[in-house]
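# Residue-level structural notes
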Amino acid sequence: MHPEFDSLTATDGIEILDPIESRRFTLQTSSPVAPSRATTDEFPYPVDIACEIRTGELALSYTVPIDVRSPDGTHRDSISPPTDREFPPGEYLLDLHAPIKLYVRVAGSLAITADADGVTVEFGGETAVRIGARSYHSSPAETITVPEDPRAMMKAVTAFSSTLKTTSPERSWPTLRGHPPRVELGDELVIPERLEPPDTGVSLRVPPEYGSIYAVAPLAYYLGADVMPSETARLTADSGIVRHLGDDPTEVSKTAGDILKRVLLLDCVTRTEGYYPVELHERKVIESRADLDFSGLYDASLDERLAAYLSVSDEAVASIVPTWHRVTHVQPNASAVELIPYVVRNLSLVRVETPCEEAWTPTESQCATEDALESFVRRSELADGDDFLRSANTRGPRSPAEDAAGERGIPGAGEYVPLPGVDALEQAYVGDKTPERGSKLLAEAFENEDPEQSEGVIEISVVCNDDEMRAELEAVSKIYGCRDDVYVDVDRRFDVSTDDLRDLLAADHDVFHFIGHIDGRGFECPDGVLDAKTVEETGATAVLLNGCRSHDQGVALVEAGANAAVVSLGDVGNNGAVEVGETLAKLLHHGFSVGYSMEIVRQYTTIGRDYLVLGDPGVTITQTESGMPSMYHVFPDASDDDGTMKVEFYAYPNRKFNAGAVIESYLPGIDGMFFGVGACGDTELSRGVFRERLNGRTRPLIVDEKLVWSDDWFEDL
């Protein structure tokens, strides 16, 4: 499968569809065009497909970063709004950082205008324009088999770096880091011959135990390092480096994570000497605190760059290292080997699980759930005011025998693990317990293939099986269909029978959103209860099970084929569940991953703490206009008499724009590009300017520690 080109019907131009990731991008033209197939050989970068059209102009309906290059890829200029630039007649390659990777090759003059409304490129008359497209899709291409032996896992981790496209600083771009091979347990070690790691002169020597191996795995992958057994943990290199990593897996994970952050950030700074000489904020900061020859480092060997990076003071590095995107807590045993490649691909920091001094503390809802399960307290005793619970069969009292016959639907009190506070946007867990926050990674989720998309259309199924919950059905149906730049097909169903629900779960959907009563026995339907454990296969990519105690049903659906499931860990009231459902739908529909959406819901909704992500938290449903979803923290109390207020810009990386990608805010006062994780600059501006720069597009805002949406907030001012 590869991107496809087609003519637009409502206006002049072409549409590029990526059926793999359900991405869509349009290029408007000055006259009707019909794309014809072209060779991909004329592009210096990899493209999956190319076409040719004739036009005098290309227009983008919103702003994306553009680099102007020579035909061989040499960088000539970068385009950021607001700008009005002209280039003399010649041959050019336009590098568009769009939701689908695009290259435009043209001969002629260029006049480029970029502002908050979009970008227009004029060619000085009608001319032949060749367009190359590449999907950002990436997944494991090979499989390594390992026995239950830490030394074998060391060799597997060493082979991970065979998928790096380069060992230069350019590998800090996520698209130049291939996905590590999958790993499965077997009787003997089998590493395909094609998996030949680069010779970087770097080694990570650690005790042959799972905890230390997992702790250094992301760093080994990024450095192309050999992982070798040793009594003491240390980093060595041909350049003379010898760095002690720690005396136990906990210390090793902390030190290895710090080195990974250091090397990735400084590689991002150094690569500004290469193909993408952008004005990077982190370069300006580090240049004032460290004496590094970035031009020389760009051409140096990896081990020489590593030596230079390690010589920079901790204080200087701390000035550019942001809140990290993810920390993954891993149980140090053989059962985790299958998930390590996916942890590594994300460049997550790894924390080896150790006994936590703080015991798990259930939420109020979970306490009430435990009381209800133990004493058979009825719905009327649990409900708050006019609210009611979403557990199955709550329409009348049940006998203790009937309650005992139904499974709990959630883990028992002794089956949870508390996660410590960390400086990261989200947390994940690999192990046999259930984390009390964040995401629990399940191997089946990463093995499940995304269902084949239908010509770039996002397919969403919303099922409501209770008349008193129609408010959520109506609200989320509107939310899912509210964007003009994304094709969405929303299938709304009410009072769905067990047979029809089984058929809906089996069908391919990007999102399956269930609104109704759930407990350990299954989904309540008009004619009975459907247990997800009896569903052989589901084609849903993400499932949102917005009912009580839906944990076990979510696990069953991931095992049946879903990539991610949002589930509850207790009995939830209807009003709080509606708030969670609407907020999740908005965040997912604006390009946030399932994991980030749930972290935001947990922090900014009344009962978000009662929900968890199972499977793959990196699943995204829709593209974002800027490539990477973003949020603004607004401080109206800091405004002065003329209405000026402080605004902070936050970025949330995704699979395509992962760690190493950069982002630009386009807000006045926040200059240049930023490493796209977490806080990316702040500024002071008036409400009017802020509203103008958002250009009518809805964005999530944090105002007075509350989550609001920009269109609602501006309307209420």
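Just above, that's the structure.
All values reported here derive from a predicted model rather than from experimental measurement. (Residues numbered from 1 in each chain as written. Predicted model: local features only at pLDDT ≥ 70, side-chain atom pairs only at ≥ 80, totals over all residues. Heavy atoms only, no water.)

### Points about a negative patch on the surface
Together, Glu-209, Asp-247, Asp-248 and Glu-251 make up a region of like negative charge exposed at the surface. Tracing the backbone shows Glu-209 in the loop between strand 13 (202-206) and helix 2 (210-223). (Patch = residues over 30% accessible without salt bridge, like charges linked within 9 Å, V, L, I, M, F, W, Y side chains within 5 Å. Areas by Shrake-Rupley, 256 points an atom, 1.4 Å probe, with all protein chains shown as cover. Salt bridge = Lys/Arg side-chain N within 4 Å of Asp/Glu carboxyl O. Lys, Arg positive; Asp, Glu negative; His and termini not counted. Charge placed at Lys NZ, Arg CZ, Asp CG, Glu CD. Helix = DSSP H or I, 4+ residues; strand = E, 2+ residues; numbered from the N terminus.)

### With respect to the sheet that holds strand 33 (residues 644-651)
Across the sheet, which stays open at both edges, the 5 strands sit in the order 36-33-32-37-38 with mixed pairing between neighbours. Strand pairing shows two members of the sheet lacking a second neighbour, strand 36 (678-686) and strand 38 (706-709), which therefore form its edges. Strand-to-strand twist across the sheet, computed as the mean angle between neighbouring axes with direction ignored, equals 30 degrees. Pairing of strand 33 with strand 36, which is carried by 7 bridges, proceeds in the antiparallel orientation. By the bridge assignment, Val-647 is partnered in strand 36 with Thr-683. (Pairing = 2+ DSSP bridges. Axes fitted to C-alpha atoms, helices over the stretch in contact; angles between N-to-C directions.)

### A word on the environment of Val-708
Summarising the element assignment, Val-708 is placed in strand 38. Judged by relative accessible area, which is 24%, Val-708 ranks as partly exposed. (Buried < 20%, exposed > 50% of the residue type's maximum accessible area, 1.4 Å probe, protein only.)

### A few points about helix 2
Here helix 2 is 14 residues long and its end C-alpha atoms lie 20 Å apart, about the 20 Å a rise of 1.5 Å per residue gives. Most of helix 2 is tucked away: 14 of the 14 residues are buried. Two residues or fewer past helix 2, Gly-224 is found with a positive phi of approximately 60 degrees. (Expected span 1.5 Å × (residues − 1).)

### A short note on the packing of aromatic side chains
The full count for this structure, using the stated rule, is 13 aromatic pairs. Positioned above the aromatic ring of Phe-494 is the side chain of Arg-470, whose terminal nitrogen or guanidinium carbon lies 3.8 Å from the ring centre. Its end group placed over the ring of Phe-635, Lys-646 keeps NZ or CZ at 5.6 Å from the ring centre. (Phe/Tyr/Trp six-rings, centres within 6.5 Å; stacked < 30°, edge-to-face > 60°. Lys NZ or Arg CZ within 6 Å of the ring centre and 35° of its normal.)

### Details of the sheet that holds strand 22 (residues 439-441)
Within the open sheet, the 10 strands sit side by side as 18-17-20-22-31-30-29-25-23-24. Their pairing is mixed. The open sheet has two edge strands, strand 18 (349-352) and strand 24 (488-494), and neither has a second partner. For this sheet the average axis-to-axis angle between neighbouring strands, irrespective of direction, equals 20 degrees. With 4 bridges connecting them, strand 17 (residues 324-330) and strand 18 associate as parallel partners. Of the residues in strand 18, the one forming a bridge with Thr-328 is Val-350. Its contacts with the sheet place helix 15 (residues 551-559) against strand 29 (539-546), strand 30 (564-568) and strand 31 (611-615), and it is angled at close to 170 degrees to strand 30. Packing of helix 17 (residues 594-604) onto the sheet brings it into contact with strand 17, strand 20 (424-430), strand 22, strand 29, strand 30 and strand 31, and relative to strand 20 it is tilted by some 110 degrees. (Contact = heavy atoms within 4.5 Å.)

### Notes on the pairing of strand 25 (residues 508-515)
Burial analysis of strand 25 places 7 of its 8 residues in the buried class, which makes it a mostly covered element. When strand 23 (residues 458-464) meets strand 25, the two strands line up parallel, connected through 5 bridges. The partner of Cys-464 across the bridge, within strand 25, is Ile-515. Taken together, the 7 bridges between strand 25 and strand 29 define a ladder with parallel strand orientation. Bridge pairing links His-509 to Ala-540 in strand 29.

### Here's the deal with the nonpolar core
Core analysis: the largest hydrophobic core is formed by 160 residues, its most contacted members being Met-153, Tyr-214, Leu-223, Leu-235, Ile-286, Leu-501 and Phe-512. Broken down by element, this core gets its largest block of residues, 11 residues, from helix 2. Filtering out sequence-adjacent residues up to four positions away, Phe-512 remains in contact with Ser-461, Val-463, Leu-501, Leu-504, Leu-505, Ala-540, Ala-542, Val-543 and Leu-544. Judged by nonpolar contacts, the second largest core, of 34 residues, contains Val-64, Ile-66, Tyr-92 and Val-106. (Core = buried A, V, L, I, M, F, W, Y, C linked by side-chain atoms within 4.5 Å.)

### Details of the side chain of Glu-599
By the element assignment, Glu-599 lies in helix 17. In this structure, Glu-599 is buried with no salt-bridge partner, the nearest side chain bearing the opposite charge being Arg-602 at 5.2 Å. With sequence-adjacent residues up to four places away left out, Glu-599 is seen in contact with Leu-425, Glu-426, Gln-427 and Gly-438.

### Let's talk about the pairing of strand 14 (residues 226-229)
The pairing of strand 13 with strand 14 spans 4 bridges and is classified as parallel. From the neighbouring strand, Arg-205 faces strand 14, where its bridge partner is Met-228. For the handedness criterion, the β-α-β arrangement of strand 13, helix 2 and strand 14 is classed as right-handed. (Right-handed = clockwise from strand over helix to strand, strands pointing away.)

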